[in-house]
Amino acid sequence: MRFKTLVVATLALLLTIAGRAYAQDPGPYKVLKIQLTGGDGGFDYVTADSDGRNLYVARSGPAGHIGVFNLDTLAQVGDIPGVSAHGGAVDTATGHGFATSKPVTMFDGKTFAILKKIEVQGNPDGYLNDAYNHRFYILSHAEPNITVLDDKDGSILGTISIGGAPEQAVTDGKGKIYVDIEDKAAIAVIDANTMKVIGKYDVSSRGAGCAGLALDAKNSILFAACRDKNNMIILSATDGHILTDLPIGNGSDGATFNPATMEAFSSQGDGTLTVVKENSPTDFVVEETVPTPARAKVLTLDTKTNQILTITAEYGPVPPASSAPPPPPGAPAWMRGPRAPMIPGSFQILVIGK
């Protein structure tokens, strides 16, 4: 017990020092806060509910649960136990939340009580909640690639096959959904009303392994963060023609766009956050590369504060190759080979802003 207390205290001190060091880096964006929250379990996605002012952090494994944190203070305000999930989101209008566990967990967005479990096919992983018609989209690398739920009651409305492994989906808020297909170097276009694929954009001429996707809905521009060439491919959402591509870090696993600042963000597992500025619908530049702790590979945007939040943890020494578990299929280069074990109690939430 004394050793564990000492480890946590030491980590807290190191994180405070790290936060000060990051704050001294030049550029408009900096790591403003590192909140040590601890807790057991793996982690994947993080989602900000800017309207409800909550942050949802899903933990996986035997101790799986969903931690709910106040988006302004990062104080924990709730917990959904017994849910091993990749992530989750809440529809403000219906007050219902969904987590990509198996079965999928539907919960109350205010009390965080579990409302029901929904049996689905495939392997729930990524997700999108679309306020356009109040539907929750569950992404799965295995068929069916997308399962569509009604936010009002959790009923299954249908499934969609996109012919490959989906990683991230975005909505234009007007009836179209875009999904990057990681293993096909393509982006699927879906009609939200008919739940049918109505187009597919090939980006293989510039890269592949696209794991992050963001959208400037006003100007109909997609930003695909891709792993194979460590670049962000920027293309028209209207017809798929590629405008340009820009360098990013290694191991992107998420992207987002902030219409208030006209910036796209890509988070990478190599310890970088790339900020791309849209000067005009035809002019894009890498504005800044923000240093972050390693493995902070996913992100979410708080549209109220214009801040980015991400999650990571501290890790111990890398084990010998013979004793290390195999990497997940399609893992980026930085995830291949032996992986270091997470240090207990070291899980943390980062706030990045100006």
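Procedures and definitions
Residues numbered from 1 in each chain as written. Predicted model: local features only at pLDDT ≥ 70, side-chain atom pairs only at ≥ 80, totals over all residues. Heavy atoms only, no water. Disulfide = S-S within 2.5 Å. Helix = DSSP H or I, 4+ residues; strand = E, 2+ residues; numbered from the N terminus. Buried < 20%, exposed > 50% of the residue type's maximum accessible area, 1.4 Å probe, protein only. Salt bridge = Lys/Arg side-chain N within 4 Å of Asp/Glu carboxyl O. Pairing = 2+ DSSP bridges. Contact = heavy atoms within 4.5 Å.

*Asks:* Requested: an account of the state of the cysteines, with residues and values cited.
*Replies:* In this structure the tally under the stated criterion is one disulfide. The disulfide partner of Cys 210 is Cys 226, and the gap between their sulfur atoms is 2.0 Å. An S-S torsion of about 85 degrees defines the bridge between Cys 210 and Cys 226 as right-handed. Pair noted here: Cys 210 is in strand β18 (residues 210-216) and Cys 226 is in strand β19 (residues 221-226), with a separation of 16 residues, a long-range link. Note on accessibility: Cys 210 and Cys 226 belong to one class, buried.

*Asks:* Before we move on, can you summarise the pattern of salt bridges with the specific residues and values?
*Replies:* Counted according to the given criterion, the structure contains nine salt bridges. A salt bridge links Asp 44 to Lys 297; its shortest N-O distance comes to 3.6 Å. Taken together, the positions of Asp 44 in strand β2 (residues 42-49) and Lys 297 in the loop between β25 (283-291) and β26 (300-302) put the pair 253 residues apart, joining distant regions of the chain. Taking relative accessible area as the criterion, Asp 44 reaches 12% and is therefore assigned buried. We classify Lys 297 as buried; its relative accessible area is 15%. Ionic pairing is found between Lys 152 and Asp 150, a salt bridge with its closest N-O pair at 3.0 Å. With relative accessibility at 12%, the residue Asp 150 sits in the buried group. Among the ionic contacts, a cluster of salt bridges with common partners joins Asp 44, Glu 182, Arg 227, Asp 253 and Lys 297.

*Asks:* Describe the pairing of strand β9 (residues 114-118), and please don't skip the residues or the numbers.
*Replies:* Pairing of strand β8 (residues 104-108) with β9, which is carried by four bridges, proceeds in the antiparallel orientation. Bridged to Met 106 within β9 is Lys 116. Counting the residues that bridge the hairpin from β8 to β9 gives five residues, and of these Phe 112 lies at a positive phi of roughly 65 degrees.

*Asks:* An account of the side chain of Asp 216 is needed here, citing residue identities and associated values.
*Replies:* Along the chain, Asp 216 turns up in strand β18. Ignoring any residue separated from it by four or fewer positions in sequence, one finds Asp 216 in contact with Ile 221, Phe 223, Phe 257, Met 262 and Glu 278.

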